[in-house]
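Results of the structural survey
Residues per chain, in single letters:
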Amino acid sequence: MLRSLVGSEMCIRDRFRFHMHPMRLVLLCILAAVALSNAQTCAPPIFSWENSLQGWVKASGTTDLDTNNCVQTNAYSMMTGATAGSYSMRLAYDHVAGKQGVFWVVQDFDFSGSNIIKFDVTFGSGAHSSNILLSLSTGSSWSWYESTEVPLSTSSTTTVSFDLQALTWKLNGVTGAIQNISQIKRIAIIYRPVNVGFVELFIDNFRLCGNTPVAPTTVAPTQAPTTRAPQNTPTGFVTTQGTKFVIGNCPFYFLGTNVYYVAYESQSLVDASFLDMSAMGFTVLRTWGFLDIGSLDGTTRYNIDGKKNGVYFQYWDTATNAPKINEGSDGLVKLDYALSKAAYYNIKVIVALVNNWHHFGGMDQYVVWYQANNHDEFYTDARIKQAYKNYVNALVNRVNTYTGVRYKDDPTIFAWELANEPRCKGDNKPGSCSTTTIVNWAGEMSDYIKSIDPNHMIAVGDEGFFHVWRIVALSRLSV
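Residues numbered from 1 in each chain as written. Predicted model: local features only at pLDDT ≥ 70, side-chain atom pairs only at ≥ 80, totals over all residues. Heavy atoms only, no water.

1. Overview of the overall build of the protein chain
- Each helix and strand in the protein chain was counted, giving eight helices and 24 strands.
- Taken over 479 residues, the protein chain has a buried fraction of 49%.
- Contacts in the protein chain between residues far apart in sequence, at least 24 positions, make up 73% of those at least 6 positions apart.
- Here the protein chain has roughly 21500 Å² of accessible surface; of this, 53% comes from carbon and sulfur atoms. (Helix = DSSP H or I, 4+ residues; strand = E, 2+ residues; numbered from the N terminus. Buried < 20%, exposed > 50% of the residue type's maximum accessible area, 1.4 Å probe, protein only. Contact = heavy atoms within 4.5 Å. Areas by Shrake-Rupley, 256 points an atom, 1.4 Å probe, with all protein chains shown as cover.)

Next comes the structure, spelled out in structure tokens:
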């Protein structure tokens, strides 16, 4: 309170250049302090990025944007970066001179009753002198009102503030007031760094303040912001460029983990797992895309391992005398859900297509299905190879129950993995083959998958110690 009184007194004396009775001055200072306090009253955050991006994405498509550089936006737990709750929005990319980073959300907002927008900015890696500004678009027009730039502190959290009633907003180069403040359609945060190179920001606690701030009514966007980044691979897919992973022309750096059970566990456990992965900053996940059993009656083509929590993806159908896919709620719908949660948290997924080991059925379940004898016949038996292709084809062309996106069109999938740790021997059936056998199988299957899904990368799934055949195999596999 004392600080507010002193500040008010200094403001009054400096502005009006006169003195008055001390008691009157104190009363006036108190009134001014109360007014200042009311002006700083803020509604609860409209964006705090708790567990999701709330519709925010990277903008692209014009020459002044960082369209050639990777921007990874995701809800991210950060002790210093989160100022409201436990999560903030992480913005990270490699900055190029003359460019700027723009991140936006499309919704319907009514900011009437509030006159200040505030949010908190904390640097992560690559902190250097930088400015940030806000841009707002009203009505059906794509014209943008742009604020003045606000410098950021590199050593502590900066609370940036933008006056909605100021006369300093620029529209098409003309300075003035924002029109139709009750009809905000788009909000953009624009970041303008000074130095080139990698930089990481955490944005949090996006709120409205004013004399009588009112939390705006928001409507979920009817369409995502359009992007214009034509390239050979559709937008969002991870591919390679030399020795780097890229999205478009943007380097893609990631922290990955292996969580096989999200493909078949309960939704509550899957939800908790993705929440934890997001909180720890994981951006790539590896999981199983297989769960193979024998016949449902258990008498024909016995189980190598069996169902998991009542879930199975493939089984031996005694009516058709062939493998059949379970597309129900206790089948691939489970994988659908895992991929939908991955998309929600902006986590890419490596999907393994079969197991070398008996767990979850794997290669030896195929061997049992076709009444072969040895583990390595999985790689050479024409019937088994066709059954594998049939399953892969069904998976690649499957439409996700939750997102409506066909798997082969889904950039959430990082890559298809041909098998988990393919070897000549398993742990259930005997086997003996040469490295050439696995190389030839890997080449054939990768060529097949690429023929039906040109968008996704393909991994062998080996463990890295088969030096000779691994080099040969990788030389054949296209990404």
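2. Topic: the side chain of Ser295
- Tracing the backbone shows Ser295 in strand β19 (residues 292-295).
- For Ser295, a relative accessible area of 2% corresponds to the buried category.
- Polar side-chain contacts of Ser295 include one of 2.7 Å to the side chain of Asp297.
- Once residues within four sequence positions are removed from consideration, Ser295 is found in contact with Thr300, Arg301, Trp316 and Thr318. (Polar contact = N/O pair within 3.5 Å; in protein donor to acceptor, adjacent residues only side chain to side chain.)

3. Examining the state of the cysteines
- One pass over the full model with this rule turns up two disulfides.
- The disulfide partner of Cys42 is Cys209, and the S-S distance across this bridge is 1.9 Å. Negative torsions about the S-S bond denote left-handed disulfides, and the value of about 95° found for Cys42 with Cys209 makes this one right-handed. Taken together, the residues Cys42 in the loop between α2 (22-39) and β1 (57-58) and Cys209 in strand β13 (residues 197-209) connect sequence positions 167 residues apart.
- We classify Cys42 as partly exposed; its relative accessible area is 30%.
- Here the cysteine-cysteine linkages of the protein chain are recorded as 1-2, 3-4, numbering only bonded cysteines and doing so in sequence order. (Disulfide = S-S within 2.5 Å.)

4. Quick word on the sheet that holds strand β18 (residues 284-288)
- Strand order in the open sheet made by the five strands is β17-β18-β22-β23-β24, with parallel pairing throughout. Every other strand in the sheet has two partners, leaving β17 (256-258) and β24 (457-459) as the edge strands with one partner each. Adjacent strand axes in the sheet meet at a mean angle of 25°, parallel and antiparallel pairs treated alike.
- Relative to β18, β17 runs parallel, the two sharing three bridges. Bridging across to β18, Thr257 finds its partner in Leu285. (Pairing = 2+ DSSP bridges. Axes fitted to C-alpha atoms, helices over the stretch in contact; angles between N-to-C directions.)

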